[in-house]
Amino acid sequence: MGNFIYKRILMFIPTVLLLSFIVFFIIQLPPGDYVTSYVSRMSAEGEIFTSQDIARLREQYGLDKPWYIQYFSWMGKIIKDGDFGYSFSYNRPVWSVIMARLPLTVIVTLIIMLFTYFVSVPIGIYSALHQYSAGDFIFTTIGFLGVATPNFLLAIILMFLSFKYTGDPLIGLFSEDILREGLRLSNFGDFLKHLIIPVIVIGTSNTCGVIRIIRAQMLDEVSKQYILVARAKGVSERVITYKYCLRAALNPVVSGLSGALSNLFSGSTISAIVMNMAILGPVLYEALKNQDMYLAGTILLTQGFLVVVGTLLSDIALAWLDPRIRFT
């Protein structure tokens, strides 16, 4: 395992460098650039730009050079100075834009992840152990509805019901009091209240997927020969369920850790926009729409890095969960 981790860490640098190149190249594929988007928006408001003005803007933003020159300049600043570039849309350094949203993004995502696993794993175990019971049918129906219902539509419905019955649509993560006074222990309960709808909306689809995975894996493990042998030897059902079946059933859940970590930076973008959540998903959307390449590139590069780290962590967790992986 030590050699495995060491080799994977050595692969981090070339993997991230290759990823950064691919990300920057793909961002440059759409026609035009930030200046094109900016001129188009300002022209719609009545501004007039000459070709000399546009050329001067491109030179000012460093967009007059070929894309590969821009890439090597960007990566050189990252490696030497930790400078991720300048956000054209926000008129400030890219990392300051990310750090303004990162703490709240991490808090929201971790709460949603906890909600997902604490709800889905017990329900998946119950459905597997009570196959075709009334409870299994109910949870299965809810699971299919959760997967089939678009998150943004569910968000609109819940906000409407909240406004109708409480007078507060719970839009955003902060009430006016929190925005005015700042997040404190005294108004932390209000912050948690505004988290109810985002957790339900974003967590529901993930929860339903995990329930289906746990149920299917548990049913598959229960029917295997070693479980029959364990029962024949008098092993208790509790030990069979939690020490053997559940441990094997968690393998596909743990393998999805890499994707869960990358969601720290994106989350459910459309749902976040609908619910007016100040997290990084809407920032990435606006950066891609405005062709703010350094901001979009940094967010996507960080997501890719988290996928690499998450894959390593999931491999380690899988080796700990399943002895078969260690011995092979």
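Here is what the cut-offs are and how they apply
Residues numbered from 1 in each chain as written. Predicted model: local features only at pLDDT ≥ 70, side-chain atom pairs only at ≥ 80, totals over all residues. Heavy atoms only, no water. 1 Å grid on protein atoms, 1.4 Å probe; cavity = no way out; pocket = protein on both sides within 12 Å on 5 of 7 lines; lining within 4 Å. Points joined across faces, edges and corners; volume = space filled by probe spheres on them. Nonpolar A, V, L, I, M, F, W, Y, C, P; charged D, E, K, R; others polar. Patch = residues over 30% accessible without salt bridge, like charges linked within 9 Å, V, L, I, M, F, W, Y side chains within 5 Å. Areas by Shrake-Rupley, 256 points an atom, 1.4 Å probe, with all protein chains shown as cover. Salt bridge = Lys/Arg side-chain N within 4 Å of Asp/Glu carboxyl O. Helix = DSSP H or I, 4+ residues; strand = E, 2+ residues; numbered from the N terminus. Buried < 20%, exposed > 50% of the residue type's maximum accessible area, 1.4 Å probe, protein only. Phe/Tyr/Trp six-rings, centres within 6.5 Å; stacked < 30°, edge-to-face > 60°. Expected span 1.5 Å × (residues − 1). Bend = angle between axes of the 7 residues up to and from the residue.

A. Empty space enclosed by the protein, seen in detail. Taken as a whole and judged by the stated rule, the model has one cavity of 30 Å³ or more. In this structure, the largest cavity encloses a volume near 60 Å³. Lining the largest cavity, in full, are Ile-27, Gln-28, Gly-32, Asp-33, Tyr-34, Leu-63, Gln-291 and Met-293. Residue composition of the lining of the largest cavity, grouped by class: four nonpolar, three polar and one charged.

B. Representation of a nonpolar patch on the surface within the structure. A contiguous nonpolar patch, built from Phe-152, Leu-153, Ile-156, Ile-157, Phe-160, Leu-161, Tyr-165, Ile-270, Ile-273 and Tyr-285 and spanning about 960 Å² of accessible area, is present on the exposed surface. Of all elements in the fold, only α7 (151-166) and α14 (269-274) reach the threshold of two or more residues within the nonpolar patch. Per-element accounting of the nonpolar patch gives the leading share, seven residues, to α7. Relative to the helices and strands, Tyr-165 resides in helix α7. Look at Tyr-165 and you get exposed, because its relative accessible area is 62%.

C. Geometry of the packing of aromatic side chains. As enumerated under the stated definition, the model contains 17 aromatic pairs in all. Ring centres of Phe-24 and Tyr-294 lie 6.3 Å apart, and the angle between their planes is 35°; on these two criteria the pair is classed as tilted. Of this pair, Phe-24 sits in helix α1 (residues 2-27) while Tyr-294 sits in helix α16 (residues 293-321); the two residues are 270 residues apart in sequence, bridging distant segments of the chain. Both residues of the pair, Phe-24 and Tyr-294, belong to the buried class. Taking the centre distance of 5.2 Å and the plane angle of 55° together, the rings of Phe-25 and Trp-67 count as tilted. Here Phe-25 is found in helix α1, whereas its partner Trp-67 is found in helix α4 (residues 67-81), with 42 residues between them in sequence. By relative accessible area, Phe-25 is classed as partly exposed at 36%. Classification of Trp-67 by relative accessible area gives partly exposed; the value is 26%.

D. Molecular detail of helix α9 (residues 188-222). Between its first and last C-alpha, α9 extends only 44 Å over 35 residues, short of the 51 Å set by a 1.5 Å rise per residue. Along its length, α9 shows its largest kink, about 40°, at Gly-203.

E. Just unusual backbone geometry, in detail. The phi angle at Asn-91 is positive, at roughly 55°, despite the residue not being glycine. Inspection of the secondary structure puts Asn-91 in the loop between β1 (86-87) and β2 (92-93). Here Gln-291, not a glycine, exhibits a phi torsion of approximately 60°, which is positive. Take Gln-291: its relative accessible area is 15%, and that puts it in the buried class.

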